[in-house]
Amino acid sequence: MDIRDIKGIGEKTASLFGKLGIYTMEELLQYYPRNYDCFESPICIRDFDDSKTAAIKGVILDNPTITYTNRYKLLSVIVKDENNDRIKLIWYNMPFLKGTLKSGSTYIFRGRINYKGNNIIMEQPEIYSLHAYDEKMGEMQPIYGLTKGLSGKTVIKAVKEALNICNHEKDYLPLSLRKEYHLAEYNFSVRNIHFPKDMDNLREARKRLAFDEFFRFIISLREFKGKDKREKNNFIIEHHKETEKIIEGLPFNLTDAQKTVFEEIKSDLSGQTVMNRLIQGDVGSGKTIVAVLAMIDTALSKYQAIMMAPTEVLAKQHYDYITQMITDFNLPVETSILTGSMTAKQKRIEYERIKSGNTKIIIGTHAIIQENVIFDNPGLVITDEQHRFGVRQRENLAEKGCRPHILVMSATPIPRTLAIILYGDLDISVMNQMPADRLPIKNCVVGTDYRNNAYKFIEKEVKKGRQVYVICAMVEESDNYEAENVMDYSKKLKNILPSDICVEYLHGKMKPAMKNLIMERFATGEINVLVSTTVIEVGINVPNATVMMIEDAQRFGLAALHQLRGRVGRGKHQSYCIFVNTSKSAEAQKRLDILNKSNDGFFIASQDMKLRGPGDFFGVRQSGEMDFNIADIYSDADILKNASEAVEKMEIGEFEMSAEEKDIYIQEIEKCIKKAYSNINL
Ligand code: ADP
Ligand code: MG
C-alpha cells in the first residue's frame, strides 16, 4: 500500500520519505528505529558513565548564570544530588530557561554526561518535574534515522497509523515453526520493534524480525543456487605468458597465500564449471593484485573483466593501478572507468566503448555499473569489499545464457560455518598471510592529554618522508554532538604543525571530483597529513602512510576501527595507530584494548561479539557490508543457524501446516523471491 494512503501524508511528506527509500507502508514498517530513548531511573552523580545519557535528580544550588561566547549564550547551573555530589548543567542559546531554573527547586535532568577537564557536566539536559518523569519511566521512544525536513514526530505518527492499517495481516510463518524456534508472532513483533512495551518485548520482537530477514535471505539464495549448480563454464580463460611476465616484474614476490589463491582462480577460470569464489583476507593481505591478474588473463582471452568497488575513490585507485600496469607492460588491452562524478557525455563515451567490446577491463562503482551498461561478452565480474553483491547479480546474466565467473573480495572475517550458510555455493579462498616485508602495526590507546606528543610524533614521521591520516567522527561542528570535526581539526593542525607540512581535509560531503583530487594528491605524497572522516575506511592504499590517528575512537565500531587501521601498515615501513579515547568510560576502554592488543581482524570480530553479547542491539553495528536491516551475522549467529535449519525443514515438509497457513506461506515466499529477482540489475 502506498504511503500516501496514510492520513496526513501528502505529496511533500511522501517525497521526504522517498529520500529514505520508503514508498509503501510495508517499507515504512520495516524502517526500524536506529535506537530507543529509554527513560530509566535517575542515577547518583557518582555512578555516571562517561558520555552516556542518564537522568539525575537534583536540587538547584544557585540561580542560573549566563555567559557569552562568540557562538553561544551559555546558561548554566550547579545541581546537587542526595549524596551532595555536584554537577554542572549547561544549555546553549536557551536563555529563556532562566525563569524555570530557580535556586532551591528540584527536578530530574536528563542528558549526556561528560567530563570537561576534571569537571562533570551535562549538556542540553531535558528538564522534568518529578511527577512528569515518573510517568515517562520505563517508556521507550523510537529514534529513527531522519532526513532534512522530516521530524521524528512525523515518522512516529506515520508508523502508528500504518500499524493500525496493517494489523490484520496473518503471519506467514506457520505456528508449528514459530513454536519450534520460540518466535513471536509477526504483528506483535513489528509493533514492538517500533514501540516496545519493555526490554523483554523488544528482545522478542527483534529476534523474530532478525529470523525473518535471514529466513528470506536464505530462501532467495536457494532459489538462485538451485539454478547455478553445475553450471557450465562458457568462458574458458587460460593463463597467459604476458600475465606471468607481470608477476615476474612485480616489485615484490607474491606470498604463498596469494600464489595458492591465484592457482585456485586459474583452475576455476579454465575449468569445467563457472567460478563462484569469495576471497577472504584481512586488510592489507594483498587481495587486489590477485584480482588484477585474473582480470588481465580474462582480457587477454578476449573477454571483458569487470570490477566493482564500493566507493568512487577506491574505483579510481584500482583503475589507475591496472591502467599503469597495462601501459608498463605494453599490453594490447583498453580500460574504462565508470563513476558518478563523470559527466553524462563522458559516461556515454565509455558506454559505447564497453558495448562495442573495445575496452576489455571496466572498473567502476557498483551503482554506476549496474545502471545501464551493456557489456560485450563479460567473462569475469569482481566485486571488491562487499559480500552480498555477488549473490544477487549473477542470475540476470545467467538468463542471457552467459553467466560469467564471479569473484568477491572481502576483508570482513566471517566464520566459516556462517559463510557456508550464507554462501553455501561460494568457494572460499582464505588469504591468511601478510606480505613478508610487513612489520606489525604498533598501537596505543591514549587520552586527550597525549595529543601534543602525538603531533610531535606526526611531525617526526613526516620529516622522515612518511604520511599521516587523522580521523574525526564529524565533518563540521554541531550543537548537539560533541566530537572532533574535520574542518576545525585540520585548521588546528595547520597551526600546530610547521608550515611546510601540507595538511588537507577530506569528507563525504565534498564533490566527488574534489575528493578524487585530494586522494590523488595524498597518493602522490604532495599532502603529508590528511584529516578525514571514515570515507577512507575501505580499500584505500597509500603504502607510504605510516600513522593513523583516530580521534574519538570510542565512537566507532571495532570492525570500522580495524578497517581504518588497515590504511597503514601497507608498506615496508613501521606503522603506528593512535586511538584517542576521549571518554572515561570503562566499557570504551575495554573495547579499545582489544584493538590495542591485536591486529587480527578475525580475533577482533570474535572478541567484539563476546563483549557485546548476543542480542546486544544497542552496540555499534558490526559491518556495513552485510547489509541486513536488523540482523547481524555476528551477534545473531544462533538465529542465523536456526533460520537455515528452518528453511531446510520447510523444504522437506517437516512443519505441520493448515491449508490456510500453507497458502499464506507460499504467497509470501513468492513475493520474497520476486523481490530478490528485481534486485538484480546487471
Ligand atoms: P587488501 O587485501 O587490503 O585489498 P591490497 O591489495 O590493497 O590489500 O594490498 C596492500 C598493499 O600491499 C599494496 O600496496 C600492494 O601493492 C602490496 N602488496 C600486495 N602483495 C604484496 C606482496 N606479496 N608483498 C609486498 N607487498 C604486497
Ligand atoms: Mg582492498
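Anyway, here's the lowdown on the structure attached to this text. Fair warning: this is a prediction, and the values are worked out from it, not measured in the lab. (Residues numbered from 1 in each chain as written. Chains lettered and ligands numbered in written order. Predicted model: local features only at pLDDT ≥ 70, side-chain atom pairs only at ≥ 80, totals over all residues. Heavy atoms only, no water.)

Structural notes on helix 8 (residues 241-249)
And step 1. Taken together, the buried positions of helix 8 are occupied by T243, I246 and I247. One side of helix 8 holds all its buried residues, which, seen down the axis, span an arc of 100°. Projecting away from the buried face of helix 8 at angles above 90 degrees are the exposed residues K241, K245 and E248.
And step 2. Here the buried face of helix 8 lies against helix 9 (256-269), helix 10 (287-300) and helix 11 (312-328). (Buried < 20%, exposed > 50% of the residue type's maximum accessible area, 1.4 Å probe, protein only. Helix = DSSP H or I, 4+ residues; strand = E, 2+ residues; numbered from the N terminus. Arc of directions from axis to C-beta. Contact = heavy atoms within 4.5 Å.)

Points about the nonpolar core
And step 1. Membership of the largest hydrophobic core comes to 75 residues, with the highest contact counts inside it found for Y469 and I550.
And step 2. At ten residues, helix 10 tops the list of elements feeding residues into this core.
And step 3. Residues contacting I550, with those up to four places away along its chain left out, are I471, F556, L561, L564, C577, I578, F579 and V580.
And step 4. Membership of the second largest hydrophobic core comes to 36 residues, among which are Y172, F211, I219 and I633. (Core = buried A, V, L, I, M, F, W, Y, C linked by side-chain atoms within 4.5 Å.)

Topic: the site of ligand 1
And step 1. Around ligand 1, a shell composed of 18 residues is seen, among which G284, T288, R438, N541 and R570 lie nearest.
And step 2. Between ligand 1 and T288, the relevant distance is 2.7 Å, taken from an oxygen atom to a side-chain nitrogen or oxygen of the residue.
And step 3. One nitrogen or oxygen atom from the side chain of N541 is found 2.8 Å from an oxygen atom belonging to ligand 1.
And step 4. Burial of ligand 1 by the surrounding chains reaches 90%, relative to a free accessible area of 560 Å².
And step 5. For the shell around ligand 1, a count of residues per class yields five nonpolar, eight polar and five charged. (Near = heavy atom within 4 Å. Polar contact = N/O pair within 3.5 Å; in protein donor to acceptor, adjacent residues only side chain to side chain. Areas by Shrake-Rupley, 256 points an atom, 1.4 Å probe, with all protein chains shown as cover. Nonpolar A, V, L, I, M, F, W, Y, C, P; charged D, E, K, R; others polar.)

Topic: the environment of S429
And step 1. Looking at the secondary structure, you find S429 in strand 15 (residues 427-431).
And step 2. Taking the C-alpha atoms as reference points, S429 and T260, separated by 169 residues in sequence, lie 8.6 Å from one another.
And step 3. Ignoring sequence-local partners within four residues, the contact set of S429 consists of V261, E264, R277, L278, I279 and Q280.
And step 4. Polar side-chain contacts of S429 include one of 2.5 Å to the side chain of E264.
And step 5. Side chain to side chain, S429 and R277 meet in a polar contact 2.8 Å long.

Brief notes about the sheet that holds strand 21 (residues 576-580)
And step 1. Taken together, six strands build an open sheet; the order of strands is 16-21-20-17-19-18 and the sheet is parallel. Of all the strands in the sheet, the pair left with one neighbour each is strand 16 (442-446) and strand 18 (503-506). Going across the sheet, the axis of each strand differs from the next one's by a mean of 15°, ignoring polarity.
And step 2. The pairing of strand 20 (residues 545-550) with strand 21 spans four bridges and is parallel. Looking at the pairing, M548 lines up with C577 of strand 21.
And step 3. On top of the sheet, helix 18 (residues 512-523) reaches strand 17 (467-471), strand 18, strand 19 (529-532) and strand 20; it is set at about 140° to strand 18, its chief contact.
And step 4. Helix 19 (residues 558-565) rests against strand 16, strand 17, strand 20 and strand 21 of the sheet, and its axis sits at about 150° to strand 20. (Pairing = 2+ DSSP bridges. Axes fitted to C-alpha atoms, helices over the stretch in contact; angles between N-to-C directions.)

Considering the sheet that holds strand 13 (residues 378-384)
And step 1. Taken in spatial order, the seven strands of this open sheet run 11-12-10-13-14-9-15, and their pairing is parallel. What marks the edges here is a single partner per strand, and that holds for strand 11 (335-338) and strand 15. Across the sheet, the mean angle from the axis of one strand to that of its neighbour is 15°, orientation sign disregarded.
And step 2. Inspection of the sheet shows strand 10 (residues 304-309) paired to strand 12 (residues 361-365) by five bridges, in the parallel sense. Within the sheet, the bridge partner assigned to M307 lies in strand 12 and is I363.
And step 3. Those strands touched by helix 9 are strand 9 (276-281), strand 13, strand 14 (405-410) and strand 15, and its axis lies near 160° from that of strand 15.
And step 4. Where helix 12 (residues 344-355) meets the sheet, it contacts strand 10, strand 11 and strand 12, and its direction lies at approximately 135° from that of strand 11.

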